[in-house]
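Spelled out, the chains give:
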Amino acid sequence: MASGSTKTAATKTILKSSITLEGHGDTIRSMSYFPDGQRMISGSEDKTVRQWDMKTGKEIEEARDD
C-alpha cells in the first residue's frame, strides 16, 4: 500500500512591535480590539482594565478593581 502523505513546509513568522503601550503594573491577561481597529482594551493582574488609542499609543481610560 502506497503512502499518500504530504508534508507542509514550516514557516517562521517574526513579528516586530510597532508601538509599546505602557501603564499596567503586572502581567496582561486579556486584550480585545474594538471593531473600528482604533482602540483596544487590556486587562491585567494588577486589577486594572485600560482602554488604549491605537494611533497614538496613549491610554484613554483606566478602571481599577479595589
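Please refer to the structure placed before this passage.
Residues numbered from 1 in each chain as written. Predicted model: local features only at pLDDT ≥ 70, side-chain atom pairs only at ≥ 80, totals over all residues. Heavy atoms only, no water.

Undergrad: Even after reading the chapter, I still don't get a nonpolar patch on the surface, so can you show me in this structure?
TA: A surface patch of nonpolar side chains, about 320 Å² in accessible area, is lined by Ile-28, Met-31 and Tyr-33. Here Tyr-33 lies in strand S1 (residues 28–33). (Patch = residues over 30% accessible without salt bridge, like charges linked within 9 Å, V, L, I, M, F, W, Y side chains within 5 Å. Areas by Shrake-Rupley, 256 points an atom, 1.4 Å probe, with all protein chains shown as cover. Salt bridge = Lys/Arg side-chain N within 4 Å of Asp/Glu carboxyl O. Helix = DSSP H or I, 4+ residues; strand = E, 2+ residues; numbered from the N terminus.)

Undergrad: Help me understand the environment of Ile-28, please; the structure alone is not making it clear to me.
TA: Note on placement: Ile-28 falls in strand S1. When the C-alpha positions of Ile-28 and Gly-43 are compared, they lie 5.8 Å apart, and in sequence the two are 15 residues distant. Not counting residues within four places of it along the chain, the set of residues in contact with Ile-28 comprises Ser-42, Gly-43 and Ser-44. (Contact = heavy atoms within 4.5 Å.)

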